[in-house]
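What follows is each chain in one-letter form.
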Amino acid sequence: ATFMAEQELARLFAAYIEQTPSRNEDLGAYGASLPAYLQKKLPQKSYLADAARLDLARYELFHLHVLPGKKDIMKQKMKLQGARLWQSRFTLFKTGRKGRLQPAAGKPQEQMQYAIIYRDAYAVHEHLLTAAQFRFARALEKGARVAALLARAESQNAMPPGEIKQLFQILGIQGVLA
């Protein structure tokens, strides 16, 4: 309710409920189509759909049951198995207490924002990322090798060592930089 008035949000949700009959007893699953609905209904406030996508990722990860296979061990160690990379064209969140993302104060500013959301054995975690960290994590997600990504980041001066170290700590990659 931080991104719009409570009454306006209640009307929007009432319209969503009216137009989207429930076919699932799980409210989280029922709301899975909300981001697309918001994007279509309010394209001028696309940040609402971005925020809904982040909430959906949190829900999906919280309910994710990961059973590691032999090929998934590395991804699991790097916290990428089941992780969600999130991006928005707007600055919507800041890092709050205990590292959780909280809505930023004021009207969302048009500036790219990136985050990674993942689950460990105990909880769902989220971290804001820089654009370079996001691209690095996206390449890892697609199966790129860490050594090749580091070589490219160094040769192109794409990511300072501090950002690499921070990303490695977030992902749980062990090594010299972590």
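To keep things clear, this report deals only with the structure shown in the data block. (Residues numbered from 1 in each chain as written. Predicted model: local features only at pLDDT ≥ 70, side-chain atom pairs only at ≥ 80, totals over all residues. Heavy atoms only, no water.)

**Some words on the sheet that holds strand β5 (residues 124-129)**
And step 1. Strand order in the open sheet made by the three strands is β1-β4-β5, with antiparallel pairing throughout. Edge strands, defined here as strands with exactly one partner in the open sheet, are β1 (84-91) and β5. Here the strands of the sheet are splayed against their neighbours by 25° on average, with no regard to which way each runs.
And step 2. As judged from the six bridges shared by strand β4 (residues 109-119) and β5, these two strands associate in the antiparallel manner. (Pairing = 2+ DSSP bridges. Helix = DSSP H or I, 4+ residues; strand = E, 2+ residues; numbered from the N terminus. Axes fitted to C-alpha atoms, helices over the stretch in contact; angles between N-to-C directions.)

**Remarks on the nonpolar core**
And step 1. Within the largest apolar cluster, 26 residues are counted, with the highest numbers of intra-cluster contacts made by Phe3, Leu38, Leu48, Trp86, Leu92, Phe93 and Ile117.
And step 2. Going through the elements one at a time, α1 (6-19), α3 (34-41), α4 (46-62), β1 and β4 are the ones with two or more residues in this core.
And step 3. In terms of residues, this core owes the most to one element, α4, which gives eight residues.
And step 4. Discounting residues that sit within four places of it in the chain, leucine 48 has contacts with Phe3, Met4, Leu38 and Leu42. (Core = buried A, V, L, I, M, F, W, Y, C linked by side-chain atoms within 4.5 Å. Buried < 20%, exposed > 50% of the residue type's maximum accessible area, 1.4 Å probe, protein only. Contact = heavy atoms within 4.5 Å.)

**Thoughts on the environment of isoleucine 17**
And step 1. By the secondary structure assignment, isoleucine 17 is in helix α1.
And step 2. On a C-alpha basis, the gap between isoleucine 17 and leucine 34 in space is 9.7 Å, while along the polypeptide they are 17 residues apart.

**Concerning the pattern of salt bridges**
And step 1. Counted under the stated rule, the structure contains six salt bridges.
And step 2. Lysine 45 is the partner of glutamate 8 in a salt bridge, and the nearest nitrogen-oxygen pair spans 3.3 Å. Taken together, the residues span a long stretch of sequence, with glutamate 8 in helix α1 and lysine 45 in the loop between α3 and α4 at a distance of 37 residues.
And step 3. Residue classification places glutamate 8 among the partly exposed residues on the basis of a relative accessible area of 30%.
And step 4. In this structure, glutamate 60 engages arginine 84 in a salt bridge whose closest nitrogen and oxygen atoms are separated by 3.3 Å. Of this pair, glutamate 60 sits in helix α4 while arginine 84 is found in strand β1, placing the two residues 24 residues apart along the sequence.
And step 5. Its relative accessible area of 32% is what places glutamate 60 among the partly exposed residues.
And step 6. Arginine 84 gets classed as partly exposed once you look at its relative accessible area, which sits at 25%.
And step 7. When salt bridges that share partners are traced, they join Asp55, Arg58 and Glu126 into one network. (Salt bridge = Lys/Arg side-chain N within 4 Å of Asp/Glu carboxyl O.)

**A few points about the packing of aromatic side chains**
And step 1. Enumeration according to the criterion identifies six aromatic pairs in this entry.
And step 2. With 5.1 Å between their ring centres and 65° between their planes, tyrosine 16 and tyrosine 37 make a pair best called edge-to-face. A residue pair is termed long-range when its members are at least 10 positions apart, and tyrosine 16 in helix α1 and tyrosine 37 in helix α3 qualify at 21 residues. You'll find tyrosine 16 and tyrosine 37 in the same group, each marked buried.
And step 3. An aromatic cluster is built from Tyr16, Tyr30 and Tyr37, whose rings are joined through pairwise contacts.
And step 4. In this arrangement the basic side chain of arginine 58 is found over the ring face of phenylalanine 93, its NZ or CZ atom lying 6.0 Å from the centre. (Phe/Tyr/Trp six-rings, centres within 6.5 Å; stacked < 30°, edge-to-face > 60°. Lys NZ or Arg CZ within 6 Å of the ring centre and 35° of its normal.)

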